[in-house]
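Take a look at the letters that make up each chain.
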Amino acid sequence: MIATTHLLDDAGWIYDGSSNRWKHAVPINTYALRLFVNGVSKYLVTTTNSGANETHVDQTYEWYINPTTGWVYANSGSSSVGPKNVEMILASNTAPVSMGNTEYVTIQNLDIKGGVVSVDSPSAHIAIDNNTIRQSNQTGIRVYNSGTNNLANFSAHVSNITITNNVIDKVWTTYENDPAIQLYGDGIYMHDAVEDGLIRGNKIVNFGHSGIELASTVSTSYHGVHHVIVEQNDVSAGDSGYMHAFGVYGLPGETTDNIVRRNYFHDFTSVSHAGGSDNHFYSNIFAGVKLTPQPLHSQQPYALDIAPWGSMEARDLYIVNNTFLNTDHFSIQVTDYNAAPSNVTNNVIANNIFGQYGYNDNPNGAIGEVALDVSDAVTGTLYLNNNAFWDSSSNVARFKDPSRSVLYDINGLNACPNTTPDTCDANVKVNDPGFVDYANRDFRLSASSLIKASGTNAYAAALGSGFVDFYGKPWHSTTPSIGAIQQGAAAPSNLSAGRTPSYSSSYVIYETSPSTVTDGATTYYVGVGDAYEKVYAQIDLGALYDVSKVKMWHFLGRTYKDVIVQLSQTADFSSYVTTVFNNDKDNSAGQGYGVDAEYTEGASGKTVNFQPILARYARFWIGGSHTDPYNQFVELQVYGTTP
């Protein structure tokens, strides 16, 4: 572990006399920015109320510090037991990991707490792999040119950097979404100075600005951000009230030749940015974009925009074979905020699925329920081909009309209004795209889908050999699908059916047999372990498979703790281990810090979809519930295909 958080001694807490409030001495004139109890962040009562003091700490989610008297206050919810494992980020904190003028360094398998992992220019051949980076004040990983290490050499940059398989979590709670403040911080921030990079397989959550940021906005004198691949990441806002999934943008020639592909961008609150030039965005899934509750932030619950500002450009972009679903407003907005619009041109939007987009009556947006909002500020060429639209609204787009109230149905859009020459073709409106399991976000197209073979390969040459679907499968050579996933691959089957699990505890009770949990029914259960014991059920699938989904049931109506699902190629989980779900926020099960939310058990169980992982063994952990300290498995299912 590398931590720059300030850990308070558990024995130092003194009861303050009322409201379950406790206090702990700190040096006079200590200023703290954030406080965590058992890894869970708390709300500073003076955030927007400068007159607040310790008496306002009457809820377990609140804290206060008085630098003058040297006391910090927290609420444990008990008058007899004080807070435990309390950490603070002090105003004087330094970055836990900081490098510049550095080459051939690997940061791996660490738990990093309290601040940013910073990589300054010039540096090269840096690997940041398989770490947990959490409890930050702002950013998770920063790669940039500060000018400090290079005597203001604007062309200095970081080259050959890989950021892979990390959990990057600012750590946030909904109580901290104070409507009177703005939120900040990026999960991964690459600005002005990167050449050749890979951002792959990271889980990024709870930041206040953007999940992943590739941008060069300061000056064209800087090197810029070029040739970075962003793939197979899971990015969401978590409990943060405001977050873009990603931003790729820059001044002319400064953010170029980057690829964003095969990512799962979900449950965020503000539009992601596609800009720069010669950047490719394909085979991504965007699902669940809700209007931010933060009134001081932009109200733009769109999945994506092409909308440069401040002299930036957005040209020669490919937005191809993505799936956009469940946005409160548009799926995509295309506009130009520059004073003299001319930098939005030669962009392709093709082979995408736009579904379940929302009604927009925002004064900054078009009135009506449409997927595409293309403003009349766009003077350059826009190619709009082979997209599928799915929504109850008959209208699908606003397209280059000065009047924001003019909307077009699919026929009107294919006529390419206000555009010469015509660059719109073969867009379709569907009653149902035919997803395998839309409710559980399995967005593969079924055999009965009407758009399973209605795409085009016209862009394959431009996108190169890496142009595969969300799961890494090749597109059909003559009849590719629309959306992020090529239809036709073998459907995952329940590989665990009838296989008898083993259990980590010798204390096992069951109603019929130990294999009850793999019999396909949710009638009986298996109880494992003593009270308060962390336990797992392990299933041997018998051979290596490409596993892409798990389903699990516990007792109906209960909320279980420390729910963790791991996959491995080895029976002892000593290597090739991947965690696909983990809501153990304080690592009490010892399997790593979790970022997934607790959930209440429903009749349909919990479904977790993910990109295929080669595995033979699955472990399902639990650590009791909020109802009682015992563990009950009802049904466990592992789905996959033959590799």
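Predicted, not measured: the structure shown is a model, and the values here were computed from it.

Student: Would you take a moment to explain the overall build of the chain for this structure?
Tutor: The helix and strand tally for the chain stands at two helices and 62 strands. Relative to the 2.2 N^0.38 estimate, which gives 26 Å for 643 residues, the radius of gyration of the chain is 26 Å and therefore close to what a compact globule would have. Principal-axis analysis of the C-alpha atoms places the extent of the chain at approximately 75 × 65 × 50 Å. Within the chain, the fraction of its 643 residues that count as buried is 58%. Taking the intrachain contacts of the chain between residues at least 6 apart in sequence as the baseline, contacts between residues at least 24 apart amount to 72%. A gap of 5 Å separates the mean positions of the 33 positive and 59 negative side-chain charges of the chain.

Student: When you look at unusual backbone geometry in this model, what are you seeing that I'm missing?
Tutor: Phi is mostly negative for residues that are not glycine, and the peptide bonds are mostly trans. In this structure, the amide linkage connecting serine 121 to the following residue, proline 122, adopts the cis form with an omega of -5 degrees. The topology assignment puts proline 122 in the loop between β14 (117–120) and β15 (123–129). Each neighbour pair has its own omega, and for threonine 420 with proline 421 the value is -5 degrees, a cis peptide bond. Mapped onto the fold, proline 421 is located in the loop between α1 (410–414) and β49 (424–425). Even without a glycine there, the phi angle at asparagine 85 is positive, about 50 degrees.

Student: In this structure, what is going on with the pattern of salt bridges? I would like to understand it.
Tutor: Close approach of charged atoms allows side chains with opposite charge to pair. Here the structure, examined in full by the defined rule, presents 16 salt bridges. For aspartate 16, the salt bridge is made with arginine 21, and the minimal N-O distance between the two is 2.8 Å. Overall, the relative accessible area of 23% leaves aspartate 16 in the partly exposed class. The exposure class of arginine 21 is buried, given its relative accessible area of 6%. The partner of aspartate 328 in a salt bridge is lysine 290, with the nearest N and O atoms 3.7 Å apart. Of this pair, aspartate 328 sits in the loop between β37 (323–327) and β38 (332–334) while lysine 290 is found in the loop between β33 (285–289) and β34 (304–306), placing the two residues 38 residues apart along the sequence. With a relative accessible area of 26%, aspartate 328 lands in the partly exposed category. Look at the salt bridges and you will find they share partners, linking Asp16, Arg21 and Lys23 into a network.

Student: Would you explain the sheet that holds strand β2 (residues 6–8) in this entry?
Tutor: Strand pairing within a sheet occurs via backbone hydrogen bonds; the two strands may be parallel or antiparallel. The four strands are arranged β2-β10-β5-β6 in an open sheet whose pairing can be described as antiparallel. Unpaired on one side and paired on the other, β2 and β6 (40–41) mark the two borders of the sheet. Bridge count for β2 against strand β10 (residues 86–90) is three bridges, and the pairing is antiparallel. Considered in β10, the bridge of leucine 7 is made with glutamate 87.

Student: Is there a simple way to explain the state of the cysteines in this structure?
Tutor: Simply put, the disulfide is a covalent bond whose two ends are the sulfur atoms of two cysteines. Taken as a whole and judged by the stated rule, the model has one disulfide. Note that cysteine 416 is cross-linked by a disulfide to cysteine 424, the S-S spacing being 2.1 Å. Handedness here is read from the sign of the S-S torsion; for cysteine 416 and cysteine 424, about 55 degrees, the answer is right-handed.

Student: What is the right way to look at the environment of isoleucine 112 in this model?
Tutor: With respect to the helices and strands, isoleucine 112 occurs in strand β13 (residues 111–113). If sequence neighbours within four positions are ignored, isoleucine 112 has contacts with Ile2, Pro96, Val97, Ile107, Val117, Asn131, Thr132, Ile133 and Arg134.

Student: Can you walk me through the side chain of histidine 191 in this structure?
Tutor: Looking at where histidine 191 falls in the secondary structure, it is placed in strand β20 (residues 186–191). On the basis of relative accessible area, histidine 191 is assigned to the buried category, the value being 12%. Contacts of histidine 191, omitting those with residues within four sequence positions, involve Val143, Tyr144, Asn145, Glu213, Ala215 and Val225.

Student: I would appreciate a short explanation of the environment of glycine 380 in the present structure.
Tutor: Note on placement: glycine 380 falls in the loop between β44 (372–374) and β45 (382–385). You can call glycine 380 buried: its relative accessible area is 13%. Residues glycine 380 and valine 72 lie 308 residues apart in sequence; the distance between their C-alpha atoms is 58 Å. Aside from chain neighbours lying at most four places away, what touches glycine 380 is Val344, Thr345 and Lys400.

Student: Whenever I open this one, the sheet that holds strand β41 (residues 353–357) confuses me. Can you help?
Tutor: The strand order across the open sheet formed by 12 strands is β1-β13-β16-β19-β22-β25-β29-β33-β37-β41-β46-β50, and the pairing between neighbours is parallel. In this open sheet, the two strands that pair with only one neighbour each are β1 (2–3) and β50 (428–429). Pairing between β41 and strand β46 (residues 388–390): three bridges, direction parallel. Along β46, the bridge assignment pairs isoleucine 353 with alanine 388.

Student: Quick question: what am I supposed to make of the side chain of aspartate 336 here?
Tutor: Locating aspartate 336 in the fold gives a position in the loop between β38 and β39 (344–345). Although aspartate 336 is buried, it forms no salt bridge, and the closest oppositely charged side chain is arginine 315 at an N-O distance of 7.8 Å. Within the structure, aspartate 336 has its side chain in polar contact with the side chain of asparagine 338 (distance 2.9 Å). Side-chain polar atoms of aspartate 336 contact the backbone nitrogen of asparagine 343, separated by 3.4 Å. Once you skip the residues sitting within four places of it in the chain, aspartate 336 turns out to touch Pro308, Pro341, Ser342, Asn343, Val344, Ser375 and Ala377.

Student: What's the story with the pairing of β15 in this structure? I'm lost.
Tutor: Both faces of the sheet carry side chains from a regular strand, because those side chains alternate between them. Burial of β15 is extensive: six of the seven residues sit out of reach of the surface. One ladder, built from six bridges, connects β15 with strand β18 (residues 158–164); its direction is parallel. Its bridge partner lying in β18, aspartate 129 is registered against threonine 164.

Criteria and thresholds
- Residues numbered from 1 in each chain as written.
- Predicted model: local features only at pLDDT ≥ 70, side-chain atom pairs only at ≥ 80, totals over all residues.
- Heavy atoms only, no water.
- Helix = DSSP H or I, 4+ residues; strand = E, 2+ residues; numbered from the N terminus.
- Rg over C-alpha atoms; globule rule 2.2 N^0.38 Å.
- Buried < 20%, exposed > 50% of the residue type's maximum accessible area, 1.4 Å probe, protein only.
- Contact = heavy atoms within 4.5 Å.
- Lys, Arg positive; Asp, Glu negative; His and termini not counted.
- Charge placed at Lys NZ, Arg CZ, Asp CG, Glu CD.
- Salt bridge = Lys/Arg side-chain N within 4 Å of Asp/Glu carboxyl O.
- Pairing = 2+ DSSP bridges.
- Disulfide = S-S within 2.5 Å.
- Polar contact = N/O pair within 3.5 Å; in protein donor to acceptor, adjacent residues only side chain to side chain.

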